[in-house]
Amino acid sequence: MTLTRPARLAGAALCAALALIAAVWILKDLAALGSPADLGWYWAGDHHFLIRGRSATSLVDPVLLAVSAATAVAALRSRHAASALAATGAVTLALRLPGLWATDSGALVTALLALALAAALVALAAAGRRRVTTSYEQPPTRPRTGPAVTAGVLLAVAVLVTVAWEVYWAVELPVEITVDRFVGGRSVIKPALAPPPGWLSLVLVALYGTAAVSALVRARHSRAFGLLAGVFLTAGGIADVARTGRNELVGRAEDLATAPGMEVLSAFFGLLAGGAVLVLLAGRGAPAAVPGPYPPHRMPPPAPPYPPPPGW
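Keep in mind it's a predicted model, so treat the numbers as computed, not measured.

(A) Expanded view of the pattern of salt bridges. Under the criterion given, the structure shown has 4 salt bridges. A salt bridge links D61 to R96; the nearest nitrogen and oxygen atoms lie 2.8 Å apart. With a gap of 35 residues between them, D61 in helix 3 (residues 60-77) and R96 in helix 4 (residues 81-96) connect regions that are remote in the sequence. Each of the two residues, D61 as well as R96, counts as buried. Among the ionic pairs, E166 bridges to R181, the shortest N-O distance being 2.7 Å. Placement of E166 in helix 6 (residues 145-172) and of R181 in helix 7 (residues 175-183) is noted, with a sequence separation of 15 residues between them. Here the two residues E166 and R181 agree in accessibility, since each one is buried.

Here's what the structure looks like:
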């Protein structure tokens, strides 16, 4: 299956609009904080710059900006355009949904716009597909077995790590704060556009799990979902490694039984595993099987002898 040309153009336009929304908020935060480095540290989890202004964006926003821009290009050029549009639309829907109960009016309007655009992406990916009818068109290919299985295992481990941290926080924190981590509340201080941390973990578990299963069974859509999962895993790993390094937690990693030690290990795992997933799934896929002119288990008729006898 492939996408029609009108669907490709419309999908690219929708992705460009999503990227523009994120870019506007990021530029607004740059003006508020006054320094790209400060904004980067804020995204990494260092919130010591609140005295000069508060960021409305989180790490999710630059990641969605990059993903939307990349999907816009894929919509125009890639054989995996349909799955790329579906993956980006579904993840954007999930991440922007908590904005519907935000108290900030700007965040609410942004959520409504993003949800409408993301829903249109998912619908377009489903309705704009058509069968490959010409020989020069390239249908989506399956990933190669070795890289796909390796990426699937890494993503499955990422699911376990994310779930383990949520279980840890559920045990360590009071029940009301644990609930607020998933639905939002006064006890959770976060940027206006950011989803609640527990909600973000649920979305990432769903994304990593879907990508892991898709990669392990070598589905045709595994590249789109796997690369998207790899981007989120890598971005989170970069932010966590930077934050733990700045907070001087790396030196405490000798005792792996402590929470700081596990935090450092999780940070480096996210960085390395995410980068590995991107490399493994970005390579060339397995060659598509060339269909023969005859049904399976049926031999073609014998070739005529040369020279053919009279009446052949």
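(B) Fine view of the packing of aromatic side chains. Within the structure shown, the criterion is met by 4 aromatic pairs. Summarising the aromatic geometry, the rings of W101 and W199 are spaced 5.9 Å apart at their centres and angled 75 degrees between planes, so their arrangement reads as edge-to-face. Here W101 is found in the loop between helix 4 and helix 5 (105-127), whereas its partner W199 is found in helix 8 (residues 197-216), with 98 residues between them in sequence. A relative accessible area of 43% places W101 in the partly exposed class. For W199, a relative accessible area of 21% gives the class partly exposed. Judged by centre distance (5.1 Å) and plane angle (70 degrees), the rings of Y168 and W169 are edge-to-face. For W169, a relative accessible area of 33% translates into the label partly exposed. Ring pairs connect the aromatic residues W165, Y168 and W169, which therefore count as one cluster.

(C) A look at the nonpolar core. Among the nonpolar cores identified, the biggest contains 26 residues, and L95, L155, L207, Y208, L228 and F232 are the most heavily contacted of them. The contact partners of L155, leaving out residues within four places of it in the chain, are Y208, A211, A212, A229 and V277. Judged by nonpolar contacts, the second largest core, of 21 residues, contains A12, L14, A107 and L121.

(D) Looking closely at the layout of surface pockets. Looking at the largest pocket, its volume works out to about 1500 Å³. What lines the largest pocket is a set of 45 residues, and nearest its centre among them are P197, L200, S201, D240 and R243. Those elements giving two or more residues to the lining of the largest pocket turn out to be helix 2 (36-43), helix 3, helix 6, helix 7, helix 8, helix 9 (222-246) and helix 10 (259-282). Ranked by residues supplied to the lining of the largest pocket, first place goes to helix 9 with 8 residues. A class-by-class count of the residues in the lining of the largest pocket yields 28 nonpolar, 11 polar and 6 charged.

(E) Spatial organisation of empty space enclosed by the protein. Following the criterion strictly, the structure yields 1 cavity of 30 Å³ or more and no others. When its volume is computed, the largest cavity comes out at roughly 50 Å³. Residue lining of the largest cavity: L18, I21, A22, L64, S68, T92, R96 and A114, and that is the complete set. Broken down by secondary-structure element, the contributors of at least two residues to the lining of the largest cavity are helix 1 (5-33), helix 3 and helix 4. Of the residues forming the lining of the largest cavity, the biggest block, 3 residues, is contributed by helix 1. Of the residues in the lining of the largest cavity, the class split is 5 nonpolar, 2 polar and 1 charged.

(F) Looking closely at the side chain of D29. Mapped onto the secondary structure, D29 falls in helix 1. Although buried, D29 forms no salt bridge, and the nearest oppositely charged side chain, K28, lies 6.7 Å from it. A polar contact is formed between the side chain of D29 and the side chain of S55, at a distance of 2.9 Å. Beyond its immediate stretch of four places on either side in the chain, D29 contacts G34, L39, R54, S55, A56 and T57.

(G) Up close: the packing of helix 4 against helix 5. Packing of helix 4 against helix 5 brings their axes to within 8 Å, and their N-to-C directions diverge by 150 degrees. The angle between the axes of helix 4 and helix 5 places the two elements in the roughly antiparallel class. For the pair helix 4 and helix 5, the sense of crossing is left-handed. From helix 4, A82, L85, A86, T88, G89, A90, T92, L93 and R96 reach across to helix 5, where they touch A111, A114, L115, A118, A119, L121, V122 and A125. Of the residues that constitute the contact of helix 4 with helix 5, the class distribution is 13 nonpolar, 3 polar and 1 charged.

Cut-offs used in this document
- All residue numbers here refer to positions counted from 1 along the written sequence of the relevant chain.
- Given that the model is predicted, a residue must reach a pLDDT of at least 70 before its local features are reported, and side-chain atom pairs must reach 80 or more before they are shown or counted; all residues, however, enter totals for whole chains, interfaces and linings.
- In computing side-chain values, all of the structure's heavy atoms are included and hydrogens and water are not.
- By convention in these notes, a salt bridge is any Lys or Arg side-chain nitrogen within 4 Å of a carboxyl oxygen on Asp or Glu.
- Starting at the N terminus, helices and strands are each numbered in turn, a helix being any DSSP run of H or I of at least four residues and a strand any DSSP run of E of at least two.
- The buried label goes to any residue with under 20% of its type's maximum accessible area, the exposed label to any with over 50%, and the partly exposed label to all in between, with areas taken from a 1.4 Å probe on protein chains only.
- Any Phe, Tyr or Trp ring, taking Trp's six-membered ring, that has another such ring centre within 6.5 Å forms a pair; planes under 30 degrees apart are called stacked, those over 60 apart edge-to-face, and the others tilted.
- Joining through side-chain atoms within 4.5 Å is the link that ties buried Ala, Val, Leu, Ile, Met, Phe, Trp, Tyr and Cys residues into a set, and such a set is a nonpolar core.
- Contacts between residues were defined by any pair of non-hydrogen atoms, one from each residue, lying within 4.5 Å.
- Lining residues are defined by having an atom within 4 Å of a point belonging to a cavity or pocket. Those points lie on a 1 Å grid over the protein atoms alone, cavities being sets where a 1.4 Å probe fits but cannot get out and pockets being open sets with protein on both sides within 12 Å along at least five of seven lines.
- Grid points are joined across faces, edges and corners, and a volume is the space filled by probe spheres set on the points.
- Here the term charged refers only to Asp, Glu, Lys and Arg, the term nonpolar to Ala, Val, Leu, Ile, Met, Phe, Trp, Tyr, Cys and Pro, and the term polar to all other amino acids, Gly among them.
- A residue counts as positive if it is Lys or Arg and as negative if it is Asp or Glu; His and the chain ends are not included.
- Polar contacts here mean pairs of N or O atoms no more than 3.5 Å apart (in protein, one a potential hydrogen donor and the other a potential acceptor; neighbouring residues in sequence count only if both atoms are side-chain atoms).
- All axes here are fitted lines through C-alpha atoms, helices being fitted over the stretch that makes contact, and every angle between N-to-C directions spans 0 to 180 degrees.
- Should an angle lie under 35 degrees it is considered roughly parallel, over 145 roughly antiparallel, and from 65 to 115 roughly perpendicular; all remaining angles are considered oblique.
- Each crossing gets its hand from how the near helix is turned against the far one by less than a right angle, where anticlockwise is left-handed and clockwise is right-handed.

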